[in-house]
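If you want the building blocks of each chain, they are given just below.
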Amino acid sequence: MRLDKYLKVSRLIKRRTVANEACDNGRISVNGRVVKASYEVKIGDRIEITMGQRTVAVEVLQVAETVRKDDASAMYKEV
């Protein structure tokens, strides 16, 4: 699954276009490398999101095309 779509489905970022812009501006890194929105997310990847002064680091536990809102937080673990 593409990184921008994963961020939207897991509800780490509310909209896919915002996730896409964050990737384009270098605010998203996976396993210590800045990546593009087309990066293929795999289980075990460590994603770091920097928005303003706040940085969120998560580890991917699950990759699914559609997830209910209540189950979205089960897709990742905060590090």
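Here, every reference points to the structure presented above.
Within each chain, residue numbers correspond to sequence positions counted from 1 in written order. Local features in this predicted model are restricted to residues of pLDDT 70 or higher, and side-chain atom pairs are both shown and tallied only at a pLDDT of 80 or more, whereas totals for entire chains, interfaces and linings draw on every residue. In computing side-chain properties, one takes all heavy atoms of the structure into account and sets aside hydrogens as well as water.

Caption draft 1: Local environment of unusual backbone geometry. We note that R11 has phi near 65°; this positive angle belongs to a residue other than glycine. Working definition: helices are DSSP H or I runs of at least four residues, strands are E runs of at least two. Numbering for both runs from the N terminus. In this structure, R11 sits in the loop between helix 1 (3-9) and helix 2 (16-24). Of note in this structure, N31 is not a glycine but carries a positive phi near 55°. By the element assignment, N31 lies in the loop between strand 1 (28-30) and strand 2 (33-34).

Caption draft 2: Structural context of the pairing of strand 4 (residues 54-60). Only when DSSP finds a minimum of two bridges between them are two strands counted as paired. Pairing analysis gives six bridges linking strand 3 (residues 46-51) to strand 4, with the strands arranged antiparallel. Note that in strand 4 the partner of E48 across the bridge is A57. Counted between consecutive antiparallel strands, the loop separating strand 3 from strand 4 contains two residues, among which G52 sits at a positive phi close to 65°. When strand 4 meets strand 5 (residues 76-78), the two strands line up antiparallel, connected through three bridges. Residue pairing across strands places E59 opposite K77, the latter belonging to strand 5.

Caption draft 3: Representation of the environment of L7 in the model. Relative to the helices and strands, L7 is located in helix 1. Any two residues having at least one pair of non-hydrogen atoms within 4.5 Å are treated as being in contact. Apart from residues no more than four positions distant in its own chain, L7 is found in contact with L12, I13, A19, I28, I47 and I49.

Caption draft 4: Expanded view of the sheet that holds strand 3. With antiparallel pairing, five strands are arranged side by side in an open sheet as 2-1-3-4-5. Across the chains shown, the open sheet's two edge strands, defined by having one partner strand only, are strand 2 and strand 5. Pairing of strand 1 with strand 2 involves two bridges; the strand directions are antiparallel. Looking across to strand 2, one finds that V30 is bridged to R33.

Caption draft 5: Seen up close, the environment of E59. Of note, E59 is situated in strand 4. Along the chain, E59 and R2 lie 57 residues apart, while their C-alpha atoms are 16 Å from each other. Discounting residues that sit within four places of it in the chain, E59 has contacts with G44, D45, R46, M75, Y76, K77 and V79.

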